[in-house]
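Inside the fold
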Amino acid sequence: QVQLVESGGGLVQVGDSLRLSCAASGGTISSYAMGWFRQTPGKEREFVAAINWSGESQYYSDSVKDRFTMTRDNARNTVYLQMNSLKPEDTAVYYCAANQRGSVVAAQESWYDYWGQGTQVTVSS
């Protein structure tokens, strides 16, 4: 059973950068596709970014494209989300998720088998 733990969230100012990490334990995620999602109170969880097992293919939501970059380090069993030029609308709890179908870079939650508990990102204006 894979466990995912997100870290790196916090309070930042508009225009700042932040890097989130998602560390896996209980199994290797090197063959898994991974995703980042986010949720604000009263809203449904939304897709942010996904990456295939090798890191060669990524997919981003339109709202973060060109500002966020998702990468992975399979040797460290960790994925990252580099967030630049942060905006107040990026404020949310950010979740990472693991998809056993490693070549599927998916935006739909139903593809994902394991989820972390989330880390809060707050962007203050």
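For the structure itself, look to the data block above.
Here goes a summary of the coordinates provided. (Residues numbered from 1 in each chain as written. Predicted model: local features only at pLDDT ≥ 70, side-chain atom pairs only at ≥ 80, totals over all residues. Heavy atoms only, no water.)

**Focus: the packing of aromatic side chains**
The tally for this structure, following the rule as stated, stands at six aromatic pairs. Measuring from centroid to centroid gives 5.7 Å for Phe 37 and Phe 47, while their planes differ by 75 degrees, and the two rings are edge-to-face. Taken together, the residues span a long stretch of sequence, with Phe 37 in strand β4 (residues 33-39) and Phe 47 in strand β5 (residues 46-51) at a distance of ten residues. Just as Phe 37 is buried, Phe 47 falls in that class too. Summarising the aromatic geometry, the rings of Phe 47 and Tyr 59 are spaced 5.3 Å apart at their centres and angled 25 degrees between planes, so their arrangement reads as stacked. Linking Phe 47 in strand β5 with Tyr 59 in strand β6 (residues 58-60), this pair joins segments that are twelve residues apart in sequence. A relative accessible area of 43% means that Tyr 59 is categorised as partly exposed. The ring of Tyr 95 is capped by Arg 45, whose NZ or CZ atom sits 5.0 Å from the centre of that ring. The side chain of Arg 45 reaches across the aromatic face of Trp 115, ending 3.9 Å from its centre. (Phe/Tyr/Trp six-rings, centres within 6.5 Å; stacked < 30°, edge-to-face > 60°. Helix = DSSP H or I, 4+ residues; strand = E, 2+ residues; numbered from the N terminus. Buried < 20%, exposed > 50% of the residue type's maximum accessible area, 1.4 Å probe, protein only. Lys NZ or Arg CZ within 6 Å of the ring centre and 35° of its normal.)

**A short note on the sheet that holds strand β8 (residues 78-83)**
Strand order across the open sheet formed by four strands is β1-β3-β8-β7, with antiparallel pairing between neighbours. The sheet is open, and its two borders are formed by β1 (3-7) and β7 (68-73), each paired with just one other strand. Across the sheet, the axes of successive neighbouring strands diverge by a mean angle of 15 degrees, strand direction being ignored. Bridge analysis of β1 against strand β3 (residues 18-25) gives five bridges, and the strand direction is antiparallel. Counterpart to Leu 4 in the pairing with β3 is Ala 24. (Pairing = 2+ DSSP bridges. Axes fitted to C-alpha atoms, helices over the stretch in contact; angles between N-to-C directions.)

**Regarding unusual backbone geometry**
Phi at Asp 66 takes a positive value of approximately 80 degrees, unusual for a residue other than glycine. Mapped onto the fold, Asp 66 is located in the loop between β6 and β7.

**Comments concerning the state of the cysteines**
One covalent bond between the sulfur atoms of two cysteine residues makes up a disulfide. Applying the stated criterion across every chain, the model contains one disulfide. The disulfide that involves Cys 22 links it to Cys 96, with 1.9 Å between the sulfurs. Linking Cys 22 and Cys 96, the disulfide has an S-S dihedral of approximately 45 degrees and is accordingly described as right-handed. Of this pair, Cys 22 sits in strand β3 while Cys 96 is found in strand β9 (residues 92-99), placing the two residues 74 residues apart along the sequence. Residue classification places Cys 22 among the buried positions, given a relative accessible area of 0%. (Disulfide = S-S within 2.5 Å.)

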